[in-house]
Amino acid sequence: MPRPEPQVKTPKPTPKPTPKPTPKPNKRPKPNNAQNAVGIADFVSAPTISAPRPDVVQVTADLTGPVSTPGGSSLNFKWDFVPSLSDPSTQLDSFEQDSDLDWSMPSLDPWDFSTDYAYDKRASISSGISSRTYDTMSGDPIYSNLTLTTASKFDAGVLTFRIKANALMLPTEAFFVMVNDKVELLPEVTSARSSSSAAEEWVEYSIPVGKGKKNIKWVHVYNPFGLQSLPSMPRGGSAGLWMDDLRYAPFTSNDDQHLEMTNGGDGGASWQIINNGKSVVAESSEINGNGGNADIQFVLYSSAGGRLDYQVRTSTSAPNDDFAISFSNDAKSVAEAIFGENLGFETRSVTVPKGKAVVTLSHRKNPGRLSRTLLGSLGAADTTKGKTWLNDLSFNVW
Ligand SMILES: [Ca+2]
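Now for a description of the structure that goes with this document. Worth saying up front: this structure is predicted, and the values here are computed from it rather than measured. (Residues numbered from 1 in each chain as written. Predicted model: local features only at pLDDT ≥ 70, side-chain atom pairs only at ≥ 80, totals over all residues. Heavy atoms only, no water.)

Here we come to unusual backbone geometry. Residue proline 171 is bonded to the preceding leucine 170 through a cis peptide linkage, with omega at 5 degrees. Cis geometry is adopted by the peptide bond preceding proline 319, which originates at alanine 318 and carries an omega value of 0 degrees. Mapped onto the secondary structure, proline 319 falls in the loop between strand S18 (306-315) and strand S19 (321-327). Phi at lysine 121 takes a positive value of approximately 60 degrees, unusual for a residue other than glycine. Given the relative accessible area of 30%, lysine 121 is considered partly exposed. For asparagine 366, which is not a glycine, the phi torsion comes out positive at approximately 50 degrees. With respect to the helices and strands, asparagine 366 occurs in the loop between strand S22 (355-365) and helix H2 (372-378). On the basis of relative accessible area, asparagine 366 is assigned to the buried category, the value being 0%. (Helix = DSSP H or I, 4+ residues; strand = E, 2+ residues; numbered from the N terminus. Buried < 20%, exposed > 50% of the residue type's maximum accessible area, 1.4 Å probe, protein only.)

See below:
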C-alpha cells in the first residue's frame, strides 16, 4: 500500500519492565476494504506466562558475579521466585490503525489491516495472500512482503510477534522473516509450528535484531517453488496469514541485575529452596494425583542464543519421574530429559535458542501419564527418592 513519507521513529526500549504501552497515533491511510471487514474479534491480550500457584516462595535475589566479555557474557542466576513474571517488552504495533513505524510494502499483493482475527484488541494485519490467491495458477511464486525499517537510533533487541496461519504447508505456502537479507526465522520453523498448533491459535515468534537501521522483512509466499500444480486447498478450505502484537524486548543482560523466575506447576507441585538458597529440590511425593510437574520458568532474550549450564542431582526412575528442560521457541518441546540414581551433582548444559526463549525446568511425575496399573507393572517407584536437585544455574551468551 502506498504511504506518505516514512517517519523514522522507532520507540526506545526501556530497561525496566513497563506496563502495556499505548498504540501509536494514526498515520497510514485507511485500508480500502475496511468497510467490508466482517467477524470482528474482540480478544483481550493474553499473558505469555501463566500465573503460578499463589503459595510460591518469594525470595529477592539478583544476578551475581557476571563476567562480561565483548563476545558474550556469563549470567549467573540465583533461585529467585516471583508470583508472576513482569513483561520487559514494549508493544510497537497492534495494527489497529496506522502507526509511526516505518512500514513499507510493494503495491502488488500488499498486506492490509484486518478485523477477521485479532490477538490484541480488535484488528491485525493480514498478508496479501489469501484463498483468492489459490485460484491463481501461473506456475510462478507469488510474494506478499511487509518491511519494517528501524531508525538509526534503534537499540538491539528481540522483536516478538503473533502469527495466525491456517495452512503454512510446503510446497503451497511458506512464511519467513529476514533481517537485512539474512533469514532469522526459517520457513521450516513456521511450517512446523503452524501445523502442530490448533488452527485458531496465535503462535508467538521472535527474531533478534541488531542495533541501528535495519530492514526487517516478513515474507509470505504462495507456490515458493514455482510448481505447475499444487495440492488442493488444505484443511478448512481457507488460506491466509495474520500478524498482531509486534513487541520489542531488550536482550537479557547484567544491567538488569535480576532474573525473575516463577515456581509452580500442575498437581500442586513446587520447588523448595534449600542449602541457604544455593539449591532447589522438587519431589514426586509432593505432586498430587497420578502425574504432574513442578516447574521453574523464566525468559531469556538473546541475539544468538547461548548455553545454559546447571548442576543436577537425580534420584528418579523412568517412567515414574524425571527432570526435563524445554524451550517455547523450539520445535521440540522438550530439549532434555534425564533420570536415574545419582549421589552427587553433575554439571550439564543445554543449548538455548536465539530470540525469546521461555525456559521451563521441570521435575515431572509420570511424564508419560501412564495408568497406575501400568506404572505398577513396570516396576516400583520406591527404589528411588523421586527427587531432583538443582544448583548453579548460568546462561553463557553467544
Ligand atoms: Ca491488534
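The next subject is the coordination of the calcium ion. Put simply, a metal with four donors set out as a tetrahedron has ideal angles of 109.5 degrees, and one with six donors set out as an octahedron has ideal angles of 90 or 180 degrees. Surrounding the calcium ion are the protein donor atoms Ser94 (O), Ser94 (OG), Glu96 (OE), Asp120 (O), Ala123 (O), Asp244 (OD) and Asp244 (OD), at 2.2 to 2.7 Å. Donor residues for the calcium ion sit on one chain with the sequence pattern S-x1-E-x23-D-x2-A-x120-D. (Donors = N, O, S within 2.8 Å, 3.2 Å for Na, K, Ca; no water.)

Read from one edge to the other, the open sheet built from five strands follows the order S4-S7-S12-S9-S10, with strand pairing classed as antiparallel. Since the sheet does not close on itself, it has two edges, and those belong to strand S4 (102-104) and strand S10 (182-185), each with one partner. Each neighbouring strand pair of the sheet contributes to a mean axis angle of 25 degrees, computed without reference to strand direction. Across three bridges, the pairing between strand S9 (residues 173-179) and S10 is antiparallel. Note that in S10 the partner of methionine 178 across the bridge is valine 183. (Pairing = 2+ DSSP bridges. Axes fitted to C-alpha atoms, helices over the stretch in contact; angles between N-to-C directions.)

Soluble, globular proteins show a tendency: their nonpolar side chains are buried together. Ranked by internal contacts, the top residues of the largest apolar core, which has 31 residues, are Phe298, Leu308 and Leu361. Elements with a minimum of two residues in this core: strand S2 (72-77), strand S16 (279-283), strand S17 (292-302), S18, S19, strand S21 (346-352), S22 and strand S23 (387-397). Counting 30 residues, the second largest nonpolar core, distinct from the first, contains Trp111, Leu148, Ala165 and Val203. (Core = buried A, V, L, I, M, F, W, Y, C linked by side-chain atoms within 4.5 Å.)

Of all eight residues that make up strand S7 (residues 142-149), seven are buried, and the element is covered over most of its length. Bridge analysis of S4 against S7 gives three bridges, and the strand direction is antiparallel. Note that in S7 the partner of serine 104 across the bridge is threonine 147. Pairing between S7 and strand S12 (residues 215-222): eight bridges, direction antiparallel. Note that in S12 the partner of isoleucine 142 across the bridge is tyrosine 222.

Going through the model one piece at a time under the given rule, you end up with 10 aromatic pairs. A centroid spacing of 6.3 Å and a plane angle of 40 degrees characterise the contact between phenylalanine 161 and tyrosine 205, whose relative ring orientation is tilted. Taken together, the residues phenylalanine 161 in strand S8 (residues 157-165) and tyrosine 205 in strand S11 (residues 203-209) connect sequence positions 44 residues apart. What makes phenylalanine 161 buried here is its relative accessible area of 0%. Taking the ring centre of tyrosine 117 as reference, the NZ or CZ of lysine 164 above it sits at 4.5 Å. The side chain of arginine 313 reaches across the aromatic face of tryptophan 389, ending 4.0 Å from its centre. (Phe/Tyr/Trp six-rings, centres within 6.5 Å; stacked < 30°, edge-to-face > 60°. Lys NZ or Arg CZ within 6 Å of the ring centre and 35° of its normal.)

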